[in-house]
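# Descriptive analysis of the structure
Now for the letters of each chain:
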Amino acid sequence: MPNLIEIKNLKKVYGQTAVLDGINQEVKQGEVVCIIGPSGAGKSTLLRCFNQLEQATAGQILFEGQDITQAKDQDLNQLREKMGMVFQSFNLFPNMSVLDNVKIAQIKVKGTTDAAATKKAEKLLAKVGLLDKKDQFPQSLSGGQQQRVAIARTLAMDPDVILFDEPTSALDPEMVGEVLKVMKDLANSGMTMVIVTHEMGFAKEVADKIWFLADGNIQEDVTPEEFFAAPKTARAQEFLKKVLY
Amino acid sequence: MKRFVKLILALFITLSCIVAPLASTAKAATNDQSSTKEATESLAAVKKRGKLVVGVSADYPPYEFTAKVGGKTEYVGMDIEIAKQVAKDMGVKLEIKNMDFDSLLVALETHKIDATISGINPTPERRKNVDFTDLYYSGKQVILINKRTASEYKNAASFDGKKVGAQTGSLLYDLVKKQMPKAQVKGLAKLNNLVIALKSNKVDGVAMDYPTAKAYAENNPDLTTMDPHFIVDKDQTGYAMAFDKGADSLVASANKTIAKIKQKDLITSEYIPQASKYMTQSTKENKMVDYWTYFAKGVEYTLIITIVSVFFGVILGTLLAIMRLAHNKVIHYLAVAYIEFVRGTPLMVQVMFVYFGIGAVIQSMPALVAGIIATSLNSAAYVAEIIRSGIDSIPVGQTEAARSLGMSQAKAYRYVILPQALKNIWPALGNEFITLIKESSIVSVIGVADLMYQTQLVQSATYKGVAPLFVTMLIYFVLTFTLSKILNHVERKMNHA
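Rules used throughout
- Residues numbered from 1 in each chain as written.
- Chains lettered and ligands numbered in written order.
- Predicted model: local features only at pLDDT ≥ 70, side-chain atom pairs only at ≥ 80, totals over all residues.
- Heavy atoms only, no water.
- pLDDT = per-residue confidence, 0-100.
- Contact = heavy atoms within 4.5 Å.
- Buried area = accessible area lost by both parts, 1.4 Å probe.
- Salt bridge = Lys/Arg side-chain N within 4 Å of Asp/Glu carboxyl O.
- Polar contact = N/O pair within 3.5 Å; in protein donor to acceptor, adjacent residues only side chain to side chain.
- Helix = DSSP H or I, 4+ residues; strand = E, 2+ residues; numbered from the N terminus.
- Buried < 20%, exposed > 50% of the residue type's maximum accessible area, 1.4 Å probe, protein only.
- 1 Å grid on protein atoms, 1.4 Å probe; cavity = no way out; pocket = protein on both sides within 12 Å on 5 of 7 lines; lining within 4 Å.
- Points joined across faces, edges and corners; volume = space filled by probe spheres on them.
- Nonpolar A, V, L, I, M, F, W, Y, C, P; charged D, E, K, R; others polar.
- Phe/Tyr/Trp six-rings, centres within 6.5 Å; stacked < 30°, edge-to-face > 60°.
- Pairing = 2+ DSSP bridges.
- Axes fitted to C-alpha atoms, helices over the stretch in contact; angles between N-to-C directions.

A separate point is the confidence of the model for chain B. Residue and element names in this part refer to chain B. Averaged over all residues, the pLDDT of chain B equals 84, while 89% of them reach at least 70. Confidence drops under a pLDDT of 50 for residues 20-39, and excluding neighbours within four residues, the segment shows 15 contacts in the predicted structure. For this predicted complex, the interface confidence score (ipTM) comes to 0.93, while the overall pTM stands at 0.66.

Next up, the structure:
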């Protein structure tokens, strides 16, 4: 499989602190990567550098061969279109119905006709099990439902990769499952996914690769089996001891 | 601190950009005016235009005031008759522009009007700035007082420690100040308001010219006059018509007319009796209902000013808000400087600055347009701050979500941020519109015929001070109350959505 994303010597410095200190990684087409690590290690920062919501201090991120850190306006918009993102706090547009949330970017960015956008939005809402909520507004939905709509909204743009930034962290425990199920289906359908998560069970089951991020570097880049059964670095061993009791 | 310095710097740059070209053009205009070429041609220019524009402060019966003639409001009085005669002898039409007494000479210097006649004394100070005709009338100065207190006031000294009202910028104001040093001078722009103040005992007397005082006394059984024996020289007591400095040919033409009027004694034999007739007539029909056309016209203008200003204010305000949120430092500080400067200066000054200042560059700008420009520019600054607070109130996650879907910054604003911001700021924006209805009353100072201005006309036409104010207050309330109900309705609808 070819590399979809290549990260070369990526650095992010806040004041004197290097949060990301020279990251070199690849994400292959169809791969599911889970980024794991202690709080404040810079997992979200790394993910947000991918689509330039965060500007890297130095280094390159090649997405489908194009350096996204140098992309300007129009190019950047086009790259972002192909790189979906799902946020911890959902960020649905509260001024639009569920259906319009899934339609708006199709119409305003891709220039899809209203009828085609509606058709596609309804199909995707059915896929995440929320077609019956299409005329409601986001604030009347539960957290789990909102996050599923957010996933449908991202899918509507036919992205080549979806970035998940702690998608279940803001959810009540009983709603985590419904979101993870949608994500699992997505992984099984061959979607390339990069997921920042604290759900170890999910990472173990769904990920092709685990990136363990600590102290500004990816300490381990291995399969979940290797990572959870036999972590190589002392930093990872210590982390797993804390999260798995 | 650094930020503060930058801000001040930006402010100066913006200011000098506005003022420098203004000042230079204004200077150029004055230079042209004083050149002899212009002077000999001033009469020719008026003739070519076919009309003589004369400024008056029509609240000074019997000199100039308004009356209903055949259902229509007209400017009448002895000064108006003289102006008519002057224009007729020049062979042109007469156009009257009504404004505050204080604004008359400024308007003349900035070429808003060709001449002014409004009971103006040709004092040496005034002679420095404008050219006067020969005196057409000279009268005594007296003090208007309440009849029931008449016995208290025998001479100027009786007013020691009392309040004496006078029109600001008038000779009377100076006389009271200098010759009644122990009295307290109370200055107001409109004579009507001074008379109201007298009737409600806010002042103990109002200094004015004898014919005017007599007119007030005759139309108000409660009022009478007393003579404080002001010491004045003839130049100060007489009245003359004023033209722009150097407009010799116009002055010469007007002098000929004045000489003719004096020779035939038209003022005492014809103009004053005619003015008195109008005055008694208007005091008879002084029910507010008879003046509904005045109020209707005023409401029309007030609404036009408000609606147009809201429209441009919102467009400009949105632009300023986006400029202020821009990453580009120059654009950001320009917007900040504009907003802070406009919010830090009074609307009344801005209105006068636009009319007289910018009006010096664009001569033909009507007062209504100047008023609308000033209120729009003013409102834009406030709207900008409201919109900025609205944009700031939208979580950054909304922009991030929109951008991560591939929307440009502009699209993110248009479809995601601004619709939500608008909903949040609707009450504040509505408040600004309501404020604008009320604040627009300030444009009356430059003579825009809005509701406040019409109220002053009704006051001078009816010799009633409080009743027109009360009616106006009710009208303003109905306007703002209706608007606030409409805005509430829209707000409820938005919340349902």
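The discussion continues.
Moving on: the interface of chain B and chain A. Between chain B and chain A, the contact holds 17 residues from the first and 23 residues from the second. Summed over both sides, the interface of chain B with chain A buries roughly 1700 Å², with 60% coming from carbon and sulfur. Contact with chain A buries surface across chain B, with Glu400, Ser404 and Leu405 of chain B losing the most and accounting together for 35% of the total. For the interface between chain B and chain A, the tally reads one salt bridge. Arg48 of chain A serves as the salt-bridge partner of Glu400 of chain B, at 2.6 Å between the closest nitrogen and oxygen. On inspection of chain B and its partner chain A, the count reaches five residue pairs in polar contact (both at pLDDT 80 or more). Breaking the side of chain B that touches chain A down by element, the ones donating at least two residues are α16 (396-404) and α17 (409-439) of chain B.

For the rest of this paragraph, the subject is helix α2 (residues 73-81) of chain A. All buried positions along α2 of chain A are accounted for by Leu76, Asn77, Leu79, Arg80 and Glu81 of chain A. Here the buried face of α2 of chain A lies against β4 (58-63), β5 (66-67), β6 (83-86) and α3 (98-110) of chain A together with α16 of chain B.

All right, on to empty space enclosed by the protein then. All names here are of chain B. One pass over the full model with this rule turns up three cavities of 30 Å³ or more. Of the voids in this model, the largest cavity is the one considered here, and its volume is about 130 Å³. Surrounding the largest cavity, 17 residues form its lining, Tyr60, Gly119, Gln167, Ser170 and Leu172 being those nearest its centre. Those elements giving two or more residues to the lining of the largest cavity turn out to be α6 (171-179) and β11 (205-209). Of the residues belonging to the lining of the largest cavity, the class tally is eight nonpolar, six polar and three charged.

On inspection of all chains with the given rule, the structure shows ten aromatic pairs over all chains. Residues Phe212 of chain A and Phe239 of chain A carry aromatic rings whose centres are separated by 5.3 Å and whose planes lie at 50 degrees to one another, so their mutual orientation is tilted. Highlighted residues: Phe212 of chain A in strand β9 (residues 209-214) and Phe239 of chain A in helix α9 (residues 234-243), separated in sequence by 27 residues. Comparing Phe212 of chain A with Phe239 of chain A shows no difference in burial state: the two are buried. Arranged with centres 5.0 Å apart and planes meeting at 55 degrees, the rings of Tyr355 of chain B and Phe356 of chain B form a pair that is tilted.

This part is about the sheet that holds β9 of chain A. Residue and element names in this part refer to chain A. Taken together, the six strands give an open sheet; going across it, the order is β6-β7-β8-β3-β9-β10, and neighbouring strands pair in mixed fashion. The open sheet has two edge strands, β6 and β10 (217-222), and neither has a second partner. Ignoring strand direction, the axes of neighbouring strands in this sheet form an average angle of 20 degrees. Pairing between β9 and β10: five bridges, direction antiparallel. By the bridge assignment for β10, Ala214 is matched with Asn217. Each of β3 (32-36), β6, β7 (161-165), β8 (192-196), β9 and β10 touches helix α1 (residues 43-50); the most contacted strand, β7, lies at about 150 degrees to it. Sitting on the sheet, α9 is in contact with β3, β9 and β10, with an inclination near 100 degrees to β9.

To continue, consider the side chain of Ser42 of chain B. Residue and element names in this part refer to chain B. Summarising the element assignment, Ser42 is placed in helix α2 (residues 36-49). Judged by relative accessible area, which is 6%, Ser42 ranks as buried. Looking at Ser42, its side chain comes within polar contact range of the side chain of Ser249, at 2.7 Å. Among residues more than four places away in sequence, those in contact with Ser42 are Ala247, Asp248, Ser249 and Leu250.

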